[in-house]
Amino acid sequence: MAVIGPGAMGCLYAARLSRSGIDTVLVDHRSDRAARLSGSGIRVEAPEGEFTAEVKAVSSVPASVDLAIVLVKSNLTSTLAFNGKMSVLTLQNGLGNVETLCGTAGSANLMAGVTSEASTLLGEGHVKHVARGVTRFGAWTSCPVASAQQVLVKAGFQVEITDSPGQVIWEKTAINSGINPLTALLNITNGQILQIPEVRQLMRDLVVEAVKVASTEGYRFTHSVVELAEAMCVQTSENVSSMLQDVRAGKPTEIDAISGEIVRRGLQAALPTPRTRVVWQLVKGLEKR
């Protein structure tokens, strides 16, 4: 199988899969870095202790693999290529990835979902597994899920299968829309959001705006997504969000796939999202500094 993306999540998944005895390749579009990762392996600082996993890194998705897990940033989704028989599982942040992958991998080969695993990239091929979470996914149309579920469970991940992958993607996007931009703008960890009353309230307002937009697409949540966002801040209190990691590294963020998509879809539904628009604009400003 293949894990696509050498970032914090890609390295975590590739390392755990390889360590569990599953034949795994890590796909990195940069051939020089792929060569270094093949030589050094992936070092993981995990809750149960530190380990290093050997992994074969390559610069393109091998045609021979039967399952690929997509963990690249959303702005790279359109650059990926797959063979026609490969099952593809996206666990990426944000909205729009599924639609792009339906065009390149085929909707019948696609599984989609999210993960609440928290991982921080400390250096090339070196990650800290900050907090364990749950990986939730399902078939987008008709792709069998049993094989992907089996290998992830074998690698030690907690897995839940859902009949509504679109709903879990929207739920995580709503949570991320409240947490990630604020951590990036204020240079704080997830947990610090709850320690500042004004910031905590802004996070709640951002999540509410996202949930309202999700409702225009037919998604209804039987639980409070605001409470889930606050619980996520507690669970991952020491985590440096992926968006803040990108800002610190001077890299493009996923703000367009999160806040930008919420603004765009809100406009389509004639639903204003003023707070989301402001944080989207501010993070775009950070990217262009």
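Here the structure is shown first, and the text comes after it.
In what follows, the accompanying structure is described. (Residues numbered from 1 in each chain as written. Predicted model: local features only at pLDDT ≥ 70, side-chain atom pairs only at ≥ 80, totals over all residues. Heavy atoms only, no water.)

**Focus: the overall build of the protein**
No. 1: Looking only at helices and strands, the protein features ten helices and twelve strands.
No. 2: By the compact-globule yardstick of 19 Å for 289 residues, the protein fits well, its C-alpha radius of gyration being 18 Å.
No. 3: When the backbone C-alpha atoms are referred to their principal axes, the protein occupies close to 45 × 40 × 35 Å.
No. 4: By residue count, 54% of the 289 residues in the protein fall in the buried class.
No. 5: Sequence-distant contacts in the protein: of pairs separated by 6 or more residues, those separated by 24 or more amount to 63%.
No. 6: For the protein, the accessible surface area stands at approximately 12,400 Å², while carbon and sulfur atoms represent 51% of it.
No. 7: Of the charged side chains in the protein, 27 are positive and 26 negative, and the gap between their average positions amounts to 3 Å. (Helix = DSSP H or I, 4+ residues; strand = E, 2+ residues; numbered from the N terminus. Rg over C-alpha atoms; globule rule 2.2 N^0.38 Å. Buried < 20%, exposed > 50% of the residue type's maximum accessible area, 1.4 Å probe, protein only. Contact = heavy atoms within 4.5 Å. Areas by Shrake-Rupley, 256 points an atom, 1.4 Å probe, with all protein chains shown as cover. Lys, Arg positive; Asp, Glu negative; His and termini not counted. Charge placed at Lys NZ, Arg CZ, Asp CG, Glu CD.)

**Comments concerning the packing of aromatic side chains**
Two numbers describe a pair of aromatic rings. These are the distance of the centres and the angle of the planes.
No. 1: Tallied over the entire structure, the rule returns one aromatic pair.
No. 2: Between the aromatic rings of Tyr13 and Phe157, the centroid separation amounts to 4.2 Å while the plane-to-plane angle is 10°, which identifies the pairing as stacked. Pair noted here: Tyr13 is in helix α1 (residues 8–19) and Phe157 is in the loop between α4 (146–154) and β12 (158–161), with a separation of 144 residues, a long-range link.
No. 3: Judged by its relative accessible area of 4%, Phe157 falls in the buried class.
No. 4: Sitting above the plane of the Phe51 ring, Arg19 keeps its charged end 4.0 Å from the centroid. (Phe/Tyr/Trp six-rings, centres within 6.5 Å; stacked < 30°, edge-to-face > 60°. Lys NZ or Arg CZ within 6 Å of the ring centre and 35° of its normal.)

**Digging into the sheet that holds strand β11 (residues 134–139)**
No. 1: The sheet built from eight strands is open, its strands ordered β5-β2-β1-β6-β7-β8-β11-β12 with mixed pairing. This sheet does not close on itself; its edge strands, each paired only once, are β5 (56–58) and β12. When strand polarity is set aside, the average angle formed by the axes of neighbouring strands in this sheet is 25°.
No. 2: Here four bridges tie strand β6 (residues 67–70) to strand β7 (residues 87–90), and the two strands are oriented parallel to one another. Among the inter-strand pairings, Ala68 is bridged to a residue of β7, identified as Val88. (Pairing = 2+ DSSP bridges. Axes fitted to C-alpha atoms, helices over the stretch in contact; angles between N-to-C directions.)

**Quick word on the side chain of Thr120**
No. 1: Along the chain, Thr120 turns up in strand β9 (residues 118–123).
No. 2: At 3.2 Å, the side chain of Thr120 forms a polar contact with the side chain of Asn239. (Polar contact = N/O pair within 3.5 Å; in protein donor to acceptor, adjacent residues only side chain to side chain.)

**A word on the side chain of Arg33**
No. 1: Within the secondary structure layout, Arg33 lies in helix α2 (residues 31–40).
No. 2: Owing to a relative accessible area of 15%, Arg33 belongs among the buried residues under this scheme.
No. 3: Within the structure, Arg33 has its side chain in polar contact with the side chain of Asp28 (distance 2.5 Å).
No. 4: Other than its neighbours up to four places away in sequence, Arg33 contacts Pro6, Asp28 and Glu124.

**What to know about unusual backbone geometry**
No. 1: A positive phi is found at Asn187, a non-glycine position, where the angle reads about 60°.
No. 2: Along the chain, Asn187 turns up in the loop between α5 (165–186) and α6 (197–216).
No. 3: Given a relative accessible area of 45%, Asn187 falls into the partly exposed group.
No. 4: Backbone geometry at Ala270 places phi at a positive 55°, although glycine is not the residue there.
No. 5: Note that Ala270 resides in the loop between α9 (256–268) and α10 (274–287).
No. 6: By relative accessible area, which is 70% here, Ala270 ends up exposed.

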